Amino acid sequence: MATTDIPDLHALAARQRSQAVAWTQRDVWLTAAFMTLLLGPFGVLFGAASLISMRGLRRAISEEQTEISARRLRRGRLLVLVGLGLSVCLNLAMLVRFYMTYSAMAAEFRPPAQEASDGN
Amino acid sequence: MVTDAAGRSIRPRPASVIAVVWLYLGGSWAFMGIVMGWLSTAMLGFLHVRPLAEVPSDITFLWCWFLAITAVGAAGIRGALGLLKLKASGRALLEKVNWLSAGLFATFGFYSAHSLLSSQWTTDTELKLAIYSVFWTGISSVPFLWMGKALRGREVRNACDAAHD
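Rules used throughout
- Residues numbered from 1 in each chain as written.
- Chains lettered and ligands numbered in written order.
- Predicted model: local features only at pLDDT ≥ 70, side-chain atom pairs only at ≥ 80, totals over all residues.
- Helix = DSSP H or I, 4+ residues; strand = E, 2+ residues; numbered from the N terminus.
- Buried ≥ 20, exposed ≤ 12 C-beta atoms within 10 Å, placed from the backbone.
- Contact = placed C-beta atoms within 7 Å.
- Core = buried A, V, L, I, M, F, W, Y, C linked by C-beta atoms within 7 Å.

Caption draft 1: Structural context of the overall build of chain A. Across its full length, chain A carries four helices and zero strands. Secondary structure of chain A in N-to-C order comes out as α-α-α-α. For chain A, buried positions account for 27% of its 120 residues. Taking contacts inside chain A between residues at least 6 apart in sequence as the whole, the part at least 24 apart equals 62%.

What follows is the structure, given as structure tokens:
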């Protein structure tokens, strides 16, 4: 007698859902890595490292290699967060320096002396 | 909201990308706007205490500009956080923020061109700079127009509607 395999629809739906979540996570962290690239020297360093570490994520997700994709995503996310933290600190330091330089210049400023009248 | 077993949300790609872009942009704009707006205010006060022969009118424009940038950045963060949760209000707010940003860039370009061309005799260099400023601010506003259009699109709207049905 021929037997028919009845697919487990719940398991199929769960698998599709977990793959959709992986795609969403990939979208979020790839965008974050790209935006981190624009945050200055630390951003370039860590953003590029993050993009490199997430290479091959598309294939891993579409081939349902869950462990590999999770590991790559975790590594990329860590690099993005470290780069973001360092960039924010560096930009804050630069801003404080900018403010101190210009406030010192403003404190020393004297308006130009008016020309002496020649009495006419 | 559409989630997996672990409670992690599933969003359409444009919603994720635009929300993350605005979390970065909104943070940096709000922060820069607060600091530079405060500096512009300090400069206005400084000019009031020690008046120069001529108060540069650009400082008043810059003050308004940084105030607008701060407001847009803060609204952008709020909208992005809403969009990450696929809230319709977040999507609508972020869509408005994108149109407003494109408008701000255009205003800046036209204001610069107006400042360059408002003298009685305009040199060729000033004319070139005016054209460049309008051109480059126009180019800079294109991503905001794209994001506004994507947020208005059916994919993101349907996802937001379905998420909280």
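Still more to cover.
Caption draft 2: The nonpolar core, seen in detail. Ranked by size, the top nonpolar core spans 43 residues in total, and within it A:W29, B:I18, B:A19, B:V20 and B:L94 carry the most contacts. At the level of elements, helix 1 (9-37), helix 3 (57-62) and helix 4 (66-108) of chain A together with helix 1 (13-49), helix 2 (58-84), helix 3 (88-117), helix 4 (124-152) and helix 5 (154-163) of chain B are the ones that each hand at least two residues to this core. Take this core: its biggest share by element is ten residues, from helix 1 of chain B. B:L94 has contacts with B:I18, B:W22, B:G76, B:G79, B:A80, B:L83 and B:L151, leaving out every residue within four places of it along the chain.

Caption draft 3: Up close: the environment of A:M94. All names here are of chain A. Within the secondary structure, M94 is located in helix 4. Look at M94 and you get exposed, because 11 C-beta atoms sit within 10 Å. Between the C-alpha atom of M94 and that of A32, which follows or precedes it by 62 residues, the distance is 23 Å.

Honestly, it's all geometry; don't read function into it.
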